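# Report on the structure
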Amino acid sequence: MNEPVSKLQEILDAGQFAVTGEIGPPKGTNVEPALHEAQQYLEGRVAAVNVTDIQTAVMRLGSMAVCHLLLDRGVEPVFQMVCRDRNRLALESDLLSAYTLGIRNVLALTGDHVAMGDHREAKCVFDLDSVGLLEAMARLEAGTDLGRDAKGNPNQLDGVPKFFKGCCVTPCADEVEPQIIKLEKKATAGAQFVQTQAVYDPAAFEKFMNQIQHVKVPVLVGIVLLKSAGMAKYMNRSVPGVQVPDAIVQRLTDAPKEDRAKVSVEIAAELIRAMKPMCQGAHLMTLGWDHCVPDIIQQAELA
Amino acid sequence: MIVAERKPFDEIVEMVAPYKKVLVLGCGSCVTVCLTGGERQAEILASQLRLAGRKKGLDLSVDFDCITRQCDREFTENLKFDPAEYDAVLSLACGVGVGFMSGVLPDTPVLPALNTTFYGAGVAEGVWEEYCHGCGDCVLAWTGGICPIARCSKSLINGACGGTNDGKCEVSQDMDCGWHLIYKRLQELGRLDELRKMRPPRDWSKNRSGGVRRLSREEMAEIAQESAE
Amino acid sequence: MQKADLTSRDIAELGRVTELMEREWSPCRYHCPVHADVRGYIEAAAQGRFGEAIDIIRENLPFAAVCGRVCHHPCETNCRRKDVDDPVAIRHVKRFVAELQGAEGCTVHKPPAQDKARVAIVGAGPAGLSAALHLAKLGYRPTVLEKFPIAGGIPATAIPRYRLPLEVVQIDVDWIRAHGVELITGVEVGKDRSIQDLLGEGYEAVLVAAGLAASRTLPLPGSDHPRVHLALDFLTALNFGDRPDAGDDVLVIGGGNVACDAARSCVRLKPAARVRMMCLENEEEMPAWEWERREAEEEGVGIIFRRGPVKVILEGDRIVGLTTRGVTRVFDSEGRFDPQYDDTDLSDLQCDTVVIAIGQMANMGFARGSGLKAGPGGRLEYDPATHQGSLPNVFFCGEIVTPPGSVVEACAHGQRAAKAIHMYLSGKTIQIDDSLPPYIDTIQPETAEKVLKVCRQAIPTDPPQRRRKLFTEFERGYDEPAVLAEARRCMNCGSGAEVLTDKCAACLTCLRVCPFDIPVVTDVARIQSTLCQACGMCIAECPANAIIARGRDVGELVQHTAAALAKMNGREPKVIAYVCGHHAGAADWGGRVEGVEGVAEIYLPSTARLSSAELLHAFENGADAVIVVACPDAADRYPQTADRTRRRVNQARRLLQEAGLDGQALQLLEVADQGRQAIRAALAEAAGKTSAS
Ligand SMILES: Cc1cc2nc3c(=O)[nH]c(=O)nc-3n(C[C@H](O)[C@H](O)[C@H](O)COP(=O)(O)OP(=O)(O)OC[C@H]3O[C@@H](n4cnc5c(N)ncnc54)[C@H](O)[C@@H]3O)c2cc1C
Ligand code: SF4
Ligand code: SF4
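What counts, and where the lines are drawn
- Every residue gets a number counted from 1 within its own chain, in the order that chain's sequence is written.
- Note on labels: chains are lettered from A, ligands numbered from 1, in written order.
- Predicted model: local features are reported for residues with pLDDT of at least 70 only, side-chain atom pairs are reported and counted for 80 or more only, and whole-chain, interface and lining totals are derived from all residues.
- As a convention, hydrogens and water are excluded, and side-chain values are obtained from all of the structure's heavy atoms.
- Under the DSSP-based scheme used, a helix requires at least four consecutive residues in state H or I and a strand at least two consecutive residues in state E, with every element numbered from the N terminus.
- C-alpha atoms define the radius of gyration in this analysis, and the globule rule sets the expected value at 2.2 Å times the number of residues to the power 0.38.
- Using a 1.4 Å probe on the protein chains alone, a residue whose accessible area is under 20% of its type maximum counts as buried, one over 50% counts as exposed, and one in between counts as partly exposed.
- Pairs of residues are marked as contacts when any of their non-hydrogen atoms sit within 4.5 Å.
- Each accessible area is a Shrake-Rupley result for a 1.4 Å probe, and residues are judged covered by the shown protein chains and nothing else.
- Residues scored as positive are Lys and Arg, those scored as negative are Asp and Glu, and His as well as the terminal groups of each chain are ignored.
- Every charge is mapped onto a representative atom, which is NZ of Lys, CZ of Arg, CG of Asp or CD of Glu.
- Expected span of a helix: the number of residues minus one, times 1.5 Å.
- Defined here as a combined quantity, buried area equals the accessible surface (1.4 Å probe) lost by two parts on assembly, summed across both.
- Salt bridges are counted wherever a side-chain nitrogen of Lys or Arg sits within 4 Å of a carboxyl oxygen of Asp or Glu.
- Polar here means any residue outside two lists: the nonpolar Ala, Val, Leu, Ile, Met, Phe, Trp, Tyr, Cys and Pro, and the charged Asp, Glu, Lys and Arg; Gly therefore counts as polar.
- Neighbouring residues are identified by heavy atoms, a residue being near a molecule or strand if any of them is within 4 Å of it.
- Pairs of N or O atoms within 3.5 Å make up the polar contacts considered here, provided that, within protein, one atom can donate a hydrogen while the other can accept it, and that residues adjacent in sequence are counted only when both atoms are side-chain atoms.
- By nonpolar core we mean a set of buried residues, namely Ala, Val, Leu, Ile, Met, Phe, Trp, Tyr and Cys, connected to one another through side-chain atoms within 4.5 Å.
- Any two strands between which DSSP finds at least two bridges are classified as paired.
- Note on geometry: axes are lines fitted to C-alpha atoms, helical ones only across the stretch in contact, with angles between N-to-C directions running from 0 to 180 degrees.
- Residue ranges assigned to the domains are those given by an automatic or database domain assignment.
- Think of pLDDT as the predictor's per-residue confidence, scored from 0 to 100.
- Here a Phe, Tyr or Trp ring, Trp counted by its six-membered ring, pairs with any other such ring whose centre lies within 6.5 Å, and the pair is stacked when the planes are under 30 degrees apart, edge-to-face when over 60, and tilted otherwise.
- Placement of a charge over a ring requires the Lys NZ or Arg CZ to be within 6 Å of the ring centre, with the centre-to-atom vector within 35 degrees of the ring normal.

### Some thoughts on the overall build of chain C
Counting secondary structure elements, chain C contains 24 helices and 23 strands. The C-alpha radius of gyration of chain C comes to 29 Å, within 12% of the 26 Å expected for a compact globule of 693 residues. On the principal axes, the C-alpha backbone points of chain C span a range of 100 × 55 × 50 Å. Classification of the 693 residues of chain C by burial places 58% in the buried group. The long-range fraction of contacts in chain C, counting pairs at least 24 apart against all pairs at least 6 apart in sequence, stands at 73%. Just so you have it, chain C exposes about 27,200 Å², and 50% of that area is on carbon and sulfur atoms. Seen as two clouds, the 79 positive and the 93 negative side-chain charges of chain C have centres 1 Å apart.

### What about helix α10 (residues 260–275) of chain A?
Residues and elements named next belong to chain A. Taking 1.5 Å per residue, 16 residues should reach 22 Å; α10 reaches 23 Å between its end C-alpha atoms and fits that length. Among the residues of α10, those classed as buried are V263, S264, V265, I267, A268, A269, L271, I272 and M275. Residues of α10 that are buried in the fold lie against α7 (202–211), β9 (219–224), α9 (246–254), β10 (281–285) and α11 (293–299).

### Re the interface of chain C and chain B
Between chain C and chain B, the residue contacts involve 27 residues of the former and 22 residues of the latter. In this assembly, chain C packs against chain B so that about 2,100 Å² is buried in total across both faces, 51% of it on carbon and sulfur atoms. Taken as a group, P543, N545 and E620 of chain C account for 26% of the area that chain C buries against chain B, more than any other trio of residues on that side. For the interface between chain C and chain B, the tally reads four salt bridges. A salt bridge links K503 of chain C to E39 of chain B; the shortest N-O distance between them is 2.8 Å. Where the side of chain C that touches chain B is concerned, the elements lending two or more residues are α19 (509–513), α20 (537–541), α22 (612–620) and α23 (642–658) of chain C. Per-element accounting of the side of chain C that touches chain B gives the leading share, six residues, to α22 of chain C. For the side of chain C that touches chain B, the per-class residue count stands at 15 nonpolar, six polar and six charged.

### Remarks on the site of ligand 2
The full set of residues close to ligand 2 is S26, P27, C28, R39, C79, R80, I90, C490, M491 and C493 of chain C. Partitioning the shell around ligand 2 into residue classes produces seven nonpolar, one polar and two charged.

### Here we look at the interface of chain A and chain B
Contacts between the two partners involve 31 residues from chain A, matched on the other side by 30 residues from chain B. For the chain A and chain B pair, buried surface summed over both sides reaches about 2,400 Å², with 54% attributable to carbon and sulfur atoms. Viewed at the interface, chain B and chain A are joined by three salt bridges. For E175 of chain A, the salt bridge goes to K184 of chain B, with nearest N and O atoms at 3.0 Å. Between the two partners, chain A and chain B, sit 16 residue pairs in polar contact (both at pLDDT 80 or more).

### Considering the site of ligand 1
All names here are of chain C. In the neighbourhood of ligand 1, 36 residues make up the surrounding shell, with V70, E146, R163, E399 and V407 lying closest. Between ligand 1 and E146, the relevant distance is 2.6 Å, taken from an oxygen atom to a side-chain nitrogen or oxygen of the residue. Contact distances for ligand 1 include 2.3 Å between an oxygen atom and a side-chain N or O atom of E399. Look at ligand 1: alone it shows 990 Å² of surface, and the protein chains cover 98% of it.

### Examining the nonpolar core
Grouped together as the largest cluster of nonpolar side chains are 107 residues, with contacts concentrated most on I23, Y200, F205, F208 and L226 of chain A together with W179 of chain B. The dominant element in this core, judged by the number of residues it contributes, is α10 of chain A, at eight residues. Contact partners of I23 of chain A, with chain neighbours within four places excluded, come to A34, A38, L42, V49, N50, V51, T52, V66, L70 and D290 of chain A. Counting residues in each nonpolar core, the second largest holds 83 residues, with A65, V70, A132 and C490 of chain C among its members.

### Some words on the side chain of Q80 of chain A
As for its position among the elements, Q80 of chain A is in strand β3 (residues 77–82). Discounting chain neighbours no more than four positions away, the residues touching Q80 of chain A are E22, N50, V51, T52, D53, S63, L107 and L109 of chain A.

### Points about the sheet that holds strand β20 (residues 575–580) of chain C
All names here are of chain C. Spatially, four strands are ordered β21-β20-β22-β23 in an open sheet, and the strand pairing comes out parallel. Looking at the sheet topology across the chains shown, the edges are occupied by β21 (599–604) and β23 (666–670). Adjacent strand axes in the sheet meet at a mean angle of 20°, parallel and antiparallel pairs treated alike. For β20 and β21, the ladder comprises six bridges, and the chain directions are parallel. Within β21, the position partnered with V579 by the bridge is Y603. Helix-sheet contacts for helix α21 (residues 556–567) involve β20 and β21, and the interaxial angle to β21 is about 160°. Packing of α23 onto the sheet brings it into contact with β22 (625–630) and β23, and relative to β23 it is tilted by some 165°.

### Quick look at the domain arrangement of chain B
Domain assignment breaks chain B into domain 1 (2–118) and domain 2 (133–199). Using C-alpha coordinates to define each centre, domain 1 of chain B is positioned 37 Å away from domain 2 of chain B.

### Observations regarding unusual backbone geometry
Phi is positive for S155 of chain B, which is not a glycine, with a value near 50°. One can find S155 of chain B in the loop between α5 (148–151) and β8 (168–169). Residue S155 of chain B is classed as buried on the basis of its relative accessible area of 16%. Unlike most non-glycine residues, A506 of chain C shows phi in positive territory, near 55°.

### Considering the confidence of the model for chain C
With 95% of its residues at a pLDDT of 70 or more, chain C has an overall mean of 90. Our summary of model confidence lists the complex with pTM equal to 0.82 and ipTM equal to 0.91.

### Quick look at the environment of L198 of chain C
All names here are of chain C. Here L198 shows up in helix α11 (residues 195–200). Counting along the chain gives 371 residues from L198 to N569, while the straight-line C-alpha distance between them is 57 Å. For L198, the contacting residues outside a window of four places in its chain are A120, L145, V189, R193, Y203 and V206.

### Focus on the pattern of salt bridges
For the structure shown, the criterion picks out 78 salt bridges over all chains. A salt bridge links E170 of chain B to K154 of chain B; the nearest nitrogen and oxygen atoms lie 2.8 Å apart. One end of the pair, E170 of chain B, is in the loop between β8 and β9 (172–176); the other, K154 of chain B, is in the loop between α5 and β8, with 16 residues separating them in the sequence. Residue class for E170 of chain B comes out buried when judged on its relative accessible area of 14%. Among the ionic pairs, R268 of chain C bridges to E299 of chain C, the shortest N-O distance being 2.8 Å. Taken together, the positions of R268 of chain C in helix α13 (residues 257–269) and E299 of chain C in the loop between α14 (290–298) and β9 (302–304) put the pair 31 residues apart, joining distant regions of the chain. Residue classification places R268 of chain C among the buried residues on the basis of a relative accessible area of 3%. With relative accessibility at 0%, the residue E299 of chain C sits in the buried group. In the salt-bridge network here, residues are joined through shared partners; they are R163, D261, R264, R268, E290, E292, R294, E295, E298, E299 and R467 of chain C.

### What about the arrangement of the chains?
Contact analysis covers two pairs of chains in contact, and the most contacts occur between chains A and B. Separated in space, chain A and chain C share no contact, their closest pair of C-alpha atoms being 25 Å apart.

### Regarding the packing of aromatic side chains
Aromatic rings in a pair are described by how distant their centres are and how their planes are angled relative to each other. Inspection of the entire model under this criterion finds 14 aromatic pairs over all chains. With a centroid separation of 6.5 Å and an interplanar angle of 55°, the aromatic rings of Y162 of chain C and F471 of chain C are classed as tilted. Linking Y162 of chain C in the loop between α9 (154–157) and α10 (166–177) with F471 of chain C in the loop between α17 (464–467) and α18 (480–487), this pair joins segments that are 309 residues apart in sequence. For Y162 of chain C, a relative accessible area of 1% gives the class buried. Among the aromatic residues, ring-to-ring pairing joins Y162, F471 and F474 of chain C into one connected group. When the ring centre of W204 of chain B is taken as origin, the NZ or CZ atom of R202 of chain B, which lies over that ring, is 4.7 Å away.

So this is what it looks like as structure tokens:
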């Protein structure tokens, strides 16, 4: 087996349960609060921290820079990369840049359409899709790129990167078969770990995990902290492949205002406890409530 | 066929503002079929421009005509009007026609009255949908005849992204997810194996990325050359 | 029938699109002996343009008023509407428009100069007067000589007044005379003046249109009794105010229309009398028109079938009956009249008066001193192709040479003779093209079922008990609302859509918008005239301007609108109202009833025909506001089009707004069928609204 290139890979390779967190870069240059949060609440508690890449097509500070700054502070980042904004030249180049900056974990994503964001007049690129991006990484690792020289031979690299390559999947999609087919392709293209879209239904997740037994890639179940009943309802309405069961919505509705954060944490922890036996890790998306992470980890009996 | 929609009227007015005598020229092909650029629309636009001109006190005279196709030289020779008599021709053809007419009428500005939008099919009365992107490298053989380049908002080639939701695209609830359609169709055809196949990064050089495209049918082009000699 | 494709070049060559209507006729027109443009005048009537309607009729039919009363109307018999519900009551529409304003109400088309040859015409019946009119229009100077003191022929002298008042005949006669037709009554040719005299007096041709002035008689023993009448003499006497001697038990011999008239006149002479008809034919064979017989029966006339007369039984100087015998057949195997009797089957019928109505024959008196040769069997020599007799400048027309028929057939024959005379006098060989264009087939059941069913307007008729006593008219005509409603039932056959194939982009719009599923699109669209209902929907929607209406010239509406606006000059604001002609609101149209100040009403066969472009053009031509007056869904002749019309008006509004005009200046009114007042009120209100904004 290959030498692990990151702590995250090391944990997963060792068959331990891995927890990852997530931060979103600011819209602007004021990067300190995000770094601070990551350091204060996530460092030492999670294996790595995902840094989103112009999430929901809302223009922000770049993921690569924030990943680099996290590394400086001793926090291992997962560099998220979407295909929306860069063609294959830029993607390959950014991968090399990231590597030279010490970034090893890369999560390959398609990316939300520009229509979802705040630059709706922008041109979508999508030169590669997520499978193609994984393939591009594999090529770089093999010492070539996606291009060809004049004779039609692959271009050789001077210095070769090595990544821990991730991808995502939506386990509770209304139509799961195409999700699984695509996951298979991502695995074939070289994906080494999977972080899922939010899951609130352990039974459905178990079913999904049974269906992908043949895909030999560790899965980190996605946990999005539900901050309120309103948010749960919004997700049911608008977020593809996410279904918050009525019982959870009801618990949030019933919770008095001052207890809401507590209930949120409880729900997240319960979900992790329930799904821990089914998968290899959990990916916590707190949407700014990073201060809750220690409690979640504790209540989920992960510490 | 090519589907187009009329430009906002104000934009058209601004375009013709520098001219006194304008010919609105319809095209009898695709844009007639999609109800945006045929003779009737030319008649209507001419009428609107005259009304607007009068309202604004402009010295503007507008006629209209329509030809079978604005993208072939032979058809441009049967105009009822002499375009040379006009300060500008406002074309209701797709961009192809506008561009081509610009070449045919070197001394007359040819202005576009339409926004050429896509290659589409009439899916219901008065409704057209994009079916093809003219990508230069057709994939319909393995996508059940449904084009992922045109009908997936992101032109993905390995399957739906995570934005697919109840068969709709994340861009809009009114938009079918192209990959959902492909999946359904391949399932019907018993050809989901096509979906499982890895699709390597596409060769976009056959698309616009390869620069201006041109088709020359050797057998015909040669004859044309010979006879030109 | 597959017809040839049409291109815009064909239309340009035709000049007027309406010429297309000449290529294929509606069946009503085809079957009309004078080929009056029935569809055209019914449409005019439907839109309240009554003056125009009568002018269209009179273009081909000089005896419009007479025919409005007594025509046997083959147009109606062949009206395509019969396969939808009932045929259009064409005759009654004609009656209304013909009598509305009398002779003065119709335009007289005098030729620029009337200086061609003088032509003498013998007989002022339908045939003679029609020929005279036609000759006058061609610039000849016709003189009609009539033996009776009144003109009009049989319609004036023998058709009973309760069916045809003399004033009605007079309308036609006056109108014909107004064209420079000289009429001399009380002159019997052959007695007072001979044909040779006329030719010597400077008439370059003579046309004999003497009709069948004499009743055929029967050589029955006893038929010289004064109470044995000949039908024609009997009817003529009545029309001239005499009261011929009839008893209480009348037997009319004959089963034709004349027999019916005689019988019905007898009823009126003595309402208490028993009146019976006796004919050789059986019920099916009886030659009288179905309605004549029905009306006779309603009035109490009995009919005895399949008996032939043998002798009049006299007791002293009184008639007591008629001996009759059985009839074994009337026609031979080839349909020729050849009655056979069973002489063992004899029986007597009681009666005290006998009227013989077994047909008419010519009175050959006119030929005296003419030098005309008689052919074999004592008949005059006559060539049906040229109308000429044995003298090249003596012509014949009408019933004197044709089998007995109808007024309108006599008119047609007179016109044909006039053409022959014109050719003859112009020094040309007489060659008349009798070919006709094809006519539109019966409506297909699939289409018929989609056509809105509308009952025929009832024709008000006096009850038989009242009719029996009166020689005055028994059938009241339609009033104006009834005429409008009835004329609106016409399906405008053959005036529908025509595709210009060179422009057609095969876009399928016509196919999609047609409420009747008529267009077929292959390489181009094709619309079969036999199926098209002429709603105009496809014409208004075609994005290629590739569909035209056969019944309307391209740009006609725009010009019409411009003219209406020009007439309103000086008045502000100017409002154009496009009113659905199938709207009872059209009820008092025609300038006869007050309109709304500043509003010019333009009637359309259907508002479905109005395109957005035409709406814009109205504004371009100076309208300050346009009001489209449509019927609410269910009331529309084409209920299926209402929604699209609505959408189109909305679209036109948007287009106006884009151009910087006020969208409110275009209004759609859906006014229910509540007559003129409703329309006026709605128009006034809408006009107020549009000018206020
Ligand atoms: C009783 C009756 C009822 C009818 N009802 C109908 C009906 O309801 N509908 C319908 O369509 N048709 C009807 N017809 C038929 C119709 O009247 C004739 O078809 C039509 O009148 C023929 O026209 P014509 O001009 O040929 O002859 P006529 O109408 O007979 O006209 C001939 C004219 O010539 C005149 N004339 C004759 N000899 C001389 C002469 N020597 N000198 C000068 N003048 C002369 C006659 O006086 C007469 O005025 C009816 C006919 C009859 C007899
Ligand atoms: S519906 Fe009108 S046009 Fe058609 S046959 Fe009847 S009267 Fe003539
Ligand atoms: S839409 Fe109306 S006019 Fe056109 S084909 Fe159909 S019935 Fe005829």
